[in-house]
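Listed below, chain by chain, are the residues.
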Amino acid sequence: MHGKIDFSVLKVTAATSAALLASGCGGGQLVANQPTQLCVDAGGRRIADASCGGGRGGGGGLGGGHAYYVGRGQRVPEMGEVARGGSIRPSAGVSYSSASRGSVSRGGFGRSAGFHGGFGGG
């Protein structure tokens, strides 16, 4: 039968689309809302910020981690993921916030990633 539309399929599609949009599409990548300092291990994998200690510019924290810097709008790696696109040296004159202190959002929707003291830096 030509010309007939199956509206039951349309309703499911609309409901599914609305649910995905409301939930922020189930995630997305972490993005820095401002210049952000995080901690990486010797292999460049992101680790808990507490592993870098409180110092800037290199590391030497109790966990053997080193500071890693990303700019505003840059992708922030998940825990255990290799960091890319940033630098081990901070840019001169730039103030960096810790990733564990809420300077990161989940991609594109402005939703907080939910870092509430979850990995050091308290």
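Residues numbered from 1 in each chain as written. Predicted model: local features only at pLDDT ≥ 70, side-chain atom pairs only at ≥ 80, totals over all residues. Heavy atoms only, no water.

To continue, consider the pairing of strand β4 (residues 66-70). Counting buried positions over the five residues of β4 gives four, a clear majority of the element. With five bridges connecting them, strand β2 (residues 36-40) and β4 associate as antiparallel partners. If you follow Val40 over to β4, its bridge partner there is His66. (Buried < 20%, exposed > 50% of the residue type's maximum accessible area, 1.4 Å probe, protein only. Helix = DSSP H or I, 4+ residues; strand = E, 2+ residues; numbered from the N terminus. Pairing = 2+ DSSP bridges.)

Counting through the fold element by element, Ser98 comes out in strand β6 (residues 97-98). For the pair Ser98 and Ala67, spaced 31 residues apart in sequence, the C-alpha separation works out to 10.0 Å. Among residues more than four places away in sequence, those in contact with Ser98 are Thr36, Gln37, Asp49 and Ser103. Of the polar contacts made by the side chain of Ser98, one reaches the side chain of Asp49; its length is 2.8 Å. (Contact = heavy atoms within 4.5 Å. Polar contact = N/O pair within 3.5 Å; in protein donor to acceptor, adjacent residues only side chain to side chain.)

By the definition in use, this model includes two salt bridges. Between Arg75 and Glu81 there is a salt bridge, with its nearest N and O atoms 2.8 Å apart. Arg75 gets classed as partly exposed once you look at its relative accessible area, which sits at 32%. (Salt bridge = Lys/Arg side-chain N within 4 Å of Asp/Glu carboxyl O.)

This next bit is on the pairing of β2. Among the five residues in β2, five count as buried, and that is most of the element. Both faces of β2 are covered, namely the face carrying Thr36, Leu38 and Val40 and the face carrying Gln37 and Cys39. Inspection of the sheet shows β2 paired to β6 by two bridges, in the parallel sense. Directly across from Thr36, in β6, lies its bridge partner Ser97. Sheet analysis places β2 next to strand β3 (residues 46-47), joined by two bridges and oriented antiparallel. Each bridged residue has a counterpart across the sheet, and for Cys39 the counterpart in β3 is Ile47. As consecutive antiparallel partners, β2 and β3 are separated by five residues, and within that stretch Gly44 has a phi angle of approximately 85°, a positive value.

So, about the confidence of the model for the protein chain. When pLDDT is averaged along the protein chain, the result is 73; 57% of the residues meet or exceed 70. Model confidence for the protein chain, summarised as mean pLDDT per element, is weakest for strand β8 (residues 111-112) at 41 and strongest for β4 at 95. Overall, residues 14-26 carries pLDDT values under 50, and its contacts beyond four positions in sequence, including any with other chains, amount to six contacts. Contacts from residues 109-122, a stretch scored under 50 in pLDDT, to residues over four places away or in other chains number 31 contacts. (pLDDT = per-residue confidence, 0-100.)

Turning to its location among the elements, Val82 is positioned in the loop between β5 (75-76) and β6. Through-space distance from the C-alpha of Val82 to that of Gly43 is 7.6 Å; in sequence the pair is 39 residues apart. With sequence-adjacent residues up to four places away left out, Val82 is seen in contact with Gly43, Gly44, Arg45 and Pro77.

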